[in-house]
Amino acid sequence: MLKVENLCKNYEYFSIKNVSFELPKGYITGFIGANGAGKTTTLKSILNLVHPDSGKITIAGKDMGVDEIAIKREIGFMLGPVDYYAKSRIGKTVGVYKRFFPNWDEQAYKNYLDKFSLNENKKICELSAGMKVKLGVALALSQNAKLLILDEPTSGLDPVARDELLDVFREIVESGERSVLFSTHITSDLEKCADFIIFIRNGELILNSAKDDIMESHLLISGRKDALTQSLKERVIGFKETAYNFTALIKTDNIIADDEVIKEKPNLEDIMVYYNKEKSL
Amino acid sequence: MDIVISSKSDKPISLQLYEQISSQIAVGDLYPGYSLPSVRSLARELGIGIVTVQRAYEMLEAEQFIYSKQGKGSFVCQFDNKELDETKKRLAAKKLKENIPYYKNLGISLEQLTQLLKREY
Amino acid sequence: MKNIIYKELKLVIIPATYLIVLLAALIMIPNYPYLVGMSYCFLALFISFSTAQTNKDNEFTASLPVPRKNIVLAKHVSFITVELLQIAVAIPFALLSTLLINKNGNLVGLDANFTFFGVTFLCFGVINIIVLPWFFRTGYKIGIPFLTAIFTYVILYVCVELAVQLSPLKAMLDGTAAQYIPYRIAVLFSGIAVYCALTFISYKRSVKNFEKVNL
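Residues numbered from 1 in each chain as written. Chains lettered and ligands numbered in written order. Predicted model: local features only at pLDDT ≥ 70, side-chain atom pairs only at ≥ 80, totals over all residues. Heavy atoms only, no water.

> Looking at this structure, I do not really get the overall build of chain C. What am I missing?
Scanning chain C from N- to C-terminus turns up 10 helices and zero strands. Reading the helices (α) and strands (β) of chain C from amino to carboxyl end gives α-α-α-α-α-α-α-α-α-α. Computed over C-alpha atoms, the radius of gyration of chain C comes to 18 Å, within 12% of the 17 Å expected from 2.2 N^0.38 for 215 residues, which places it in the range of a compact globule. With respect to the principal axes defined by its C-alpha atoms, chain C has extents near 55 × 30 × 30 Å. Counting over 215 residues, chain C shows a buried share of 50%. (Helix = DSSP H or I, 4+ residues; strand = E, 2+ residues; numbered from the N terminus. Rg over C-alpha atoms; globule rule 2.2 N^0.38 Å. Buried < 20%, exposed > 50% of the residue type's maximum accessible area, 1.4 Å probe, protein only.)

Here it is in structure tokens:
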């Protein structure tokens, strides 16, 4: 569905380094990373809003460098909650917006408005944060997008609104025809619905596989301080030491029977946190 | 079909799914020919990943609890009584095996464990 | 292409623009620097662009499937439309002014004749080439480019006025004497030509600037 090959973008103090990944059709992919890891820059580069220095983006078989406009008519993207023309009625702005999309499905749009309890006569500034996100999602879906790219759609939403939105995502991919890529730093959202995880740190791709694989190939271990031997230190991904104990993240394959540790299933947050404590950093 | 998922459990969700469906098949709650929900609709209903459900179905298929027909979905396999018996034993053995290291760690001998099992069963 | 122009005219250009340009009626005031009357279109454009900036028009535009050069072109079309509207509205007032009200001529500058419109085109062209390429270095910041352009516009106008008033050609270029009409028309067409050239260069430069912007 979406293929990113060797994406590079250099800024003075930051760069995206050779990021490559592929998004299969019909799944939800979560894009995680700390603030400033390059999530937004990567997404904007994919959309050619930021011009990559090098790399190739292919969406549904079309090259972004060649068919940018055709591609953009067929995908939906939202880089933040809808808050442009906030003082205008939704109907007015959308009336202009929809002219740009030849595949616009007015009936679907009306259905989404109903489903999300959005009223076209309201002004965008009168909507709650969650509603603004839902409006963006409604717009993306009504243009019959086969791929949805969303930057931090759940940040700023309360747990109820987040849960509703995640349910919308699950519904979108249920038919197997549409894919969702969304970035977030709220990793628990992904545990509930993502199929694949892309994790970047400091502009570099760290992990890119099925969520279940990632969760099962890592262990969170903890133990007494003296259990953190030199050998163990070399095998863990990252660790935290206190005066009384230590905790660390380790690849399941790298643990040995001699390690005197308590093993737990990590969550994505642990994985993100400990990868950011990696020894080489 | 009843499925109860715990996201807090240390057991991977795909394994939880596998265990629950396989045991329901073994006891006959899910009868031969029963049409399982599609991977995608089950994922949506349970609020879990599609890949997670796919993995569980793959395990079930590998262990011949279910079979899938292209474009039609997944169905519970036919068993005769003998096979069903074997399956139940297999499941039970698997579960027991999981806990053996724990008993060994406690220093419980096989005899002690057998006695305990008799008493507790 | 027509969609993005529609978007500009529907969302960016404030409706009050169509009233503001009527201030060209000031041309009927006796002994008045008429170019002032022609400047209100820039007030309208400035308000429109600032409001658009507040409304995050750049974010909206970035969410649309439109090539960058068309975004640039649409903003140019907005400018040209409002400028030409201003000039069109001014024509009847200019006729009234020169033929009926101010028959004795304008003591503080050019009469509202062909020369005047030629100079107006020249000044508008200069505004375009200053504001638009500068605006497209960011795609949303309008304040400083606009102020600089207006400042240049005033200085330029004063210079041109002085040049005409002090030059030996004043008799030909100013006033409404029928025998010099061809000269004044020549100035008008030169003004239009310069306007077209400057606006075209502005477009080319804006496209180049905007291509580099990270939206």
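Having seen it, we continue.
> Any chance you could explain the interface of chain B and chain A here in plain terms?
Accessible area lost during the coming together of the parts is what is often quoted as the interface size. Contacts between chain B and chain A engage 18 residues on the former and 23 residues on the latter. Together, the buried faces of chain B and chain A total about 1500 Å²; carbon and sulfur atoms form 42% of this surface. Remark: the boundary between chain B and chain A carries four salt bridges. The salt bridge involving A:D167 is made with B:R44; its shortest N-O contact spans 3.4 Å. Elements with a minimum of two residues in the side of chain B that touches chain A: α2 (39-46) and α3 (50-62) of chain B. When residues in the side of chain B that touches chain A are grouped by element, the largest group, five residues, is from α3(B). Looking at the side of chain B that touches chain A residue by residue, the classes come out as five nonpolar, eight polar and five charged. (Contact = heavy atoms within 4.5 Å. Buried area = accessible area lost by both parts, 1.4 Å probe. Salt bridge = Lys/Arg side-chain N within 4 Å of Asp/Glu carboxyl O. Nonpolar A, V, L, I, M, F, W, Y, C, P; charged D, E, K, R; others polar.)

> Looking at this structure, how should I read the nonpolar core?
As a rule of thumb, soluble globular proteins bury nonpolar side chains together. In terms of nonpolar packing, the biggest core is built from 146 residues, with A:F169, A:V180, A:F182, B:I21, B:Y57, C:M38 and C:F116 touching the most fellow members. Sorting elements by how many residues they give to this core places helix α7 (residues 114-135) of chain C first, with 13 residues. Contact partners of C:M38, with chain neighbours within four places excluded, come to C:I27, C:Q86, C:I87, C:A90, C:F116, C:F117, C:T120, C:F124 and C:Y153. Ranked by size, the runner-up nonpolar core spans 26 residues in total, among them A:V4, A:F21, A:I149 and A:I198. (Core = buried A, V, L, I, M, F, W, Y, C linked by side-chain atoms within 4.5 Å.)

> How should the domain arrangement of chain A be read in this particular structure?
All names here are of chain A. When its domains are assigned, chain A resolves into domain 1 (2-210) and domain 2 (217-275). The straight-line distance from the C-alpha centre of domain 1 to that of domain 2 is 35 Å. Facing the 12 residues of domain 1 at the interface are seven residues of domain 2. Note on domain 1 versus domain 2: buried area summed over both sides is about 770 Å², and carbon and sulfur give 77% of it. Taken together, domain 1 and domain 2 are joined by zero salt bridges. Linking domain 1 to domain 2 there are three residue pairs in polar contact (both at pLDDT 80 or more). For the side of domain 1 that touches domain 2, the elements supplying multiple residues, two or more each, are α7 (187-193), β9 (196-201) and β10 (204-210). Class assignment of the residues belonging to the side of domain 1 that touches domain 2 gives a composition of seven nonpolar, three polar and two charged. (Domains from an automatic or database assignment. Polar contact = N/O pair within 3.5 Å; in protein donor to acceptor, adjacent residues only side chain to side chain.)

> Sorry, what's going on with empty space enclosed by the protein here?
To find leftover empty space, one rolls a probe the size of a water molecule over the atoms. Residues and elements named next belong to chain C. Under the counting rule described, the total for this entry stands at five cavities of 30 Å³ or more. The calculated volume of the largest cavity comes to roughly 80 Å³. For the largest cavity, the full set of lining residues is D57, N58, T61, A62, I71, K75, F135, F136, T138, G139, F210 and L215. Mapped by element, the contributors of at least two residues to the lining of the largest cavity are α5 (57-62) and α6 (68-101). Per-element accounting of the lining of the largest cavity gives the leading share, four residues, to α5. Classifying every residue of the lining of the largest cavity by side-chain character gives six nonpolar, four polar and two charged. (1 Å grid on protein atoms, 1.4 Å probe; cavity = no way out; pocket = protein on both sides within 12 Å on 5 of 7 lines; lining within 4 Å. Points joined across faces, edges and corners; volume = space filled by probe spheres on them.)

> I'm lost on the packing of aromatic side chains in this one. Help?
For any pair of aromatic rings, the description consists of the separation of the ring centres together with the inter-plane angle of the planes. On inspection of all chains with the given rule, the structure shows 28 aromatic pairs over all chains. On the basis of an interplanar angle of 75° and a centroid distance of 6.2 Å, the ring pair of B:Y18 and B:F65 is categorised as edge-to-face. Here B:Y18, found in helix α1 (residues 13-26), pairs with B:F65, found in the loop between α3 and β2 (66-69); they are 47 residues apart in sequence, far enough to count as distant. Residue B:F65 is classed as buried on the basis of its relative accessible area, which comes to 1%. Members of the aromatic cluster, joined through ring pairs, are A:Y84, A:Y85, A:Y97, A:F101, A:W104, A:Y109 and C:F60. Residue placement shows C:R68 over the ring face of C:F210; its charged tip is 5.6 Å from the ring centre. (Phe/Tyr/Trp six-rings, centres within 6.5 Å; stacked < 30°, edge-to-face > 60°. Lys NZ or Arg CZ within 6 Å of the ring centre and 35° of its normal.)

> Would you take a moment to explain the pairing of strand β3 (residues 73-76) of chain B for this structure?
On a regular strand, each side chain points to the face opposite its neighbour's, so the side chains alternate between the two faces of the sheet. All names here are of chain B. Sheet topology places strand β1 (residues 35-36) next to β3; two bridges connect them, and they run antiparallel. The partner of S35 across the bridge, within β3, is F75. Direction of pairing for β2 relative to β3: antiparallel, over a ladder of four bridges. Residue I66 lies in a different strand from β3, and its bridge partner there is V76. (Pairing = 2+ DSSP bridges.)

> Before we go on, may I ask you to explain a positive patch on the surface in this structure?
Together, A:R89, A:K92, A:R99, C:K2 and C:K10 give the surface a local cluster of positive charge. Positionally, C:K2 belongs in helix α1 (residues 2-12). (Patch = residues over 30% accessible without salt bridge, like charges linked within 9 Å, V, L, I, M, F, W, Y side chains within 5 Å. Areas by Shrake-Rupley, 256 points an atom, 1.4 Å probe, with all protein chains shown as cover. Lys, Arg positive; Asp, Glu negative; His and termini not counted. Charge placed at Lys NZ, Arg CZ, Asp CG, Glu CD.)

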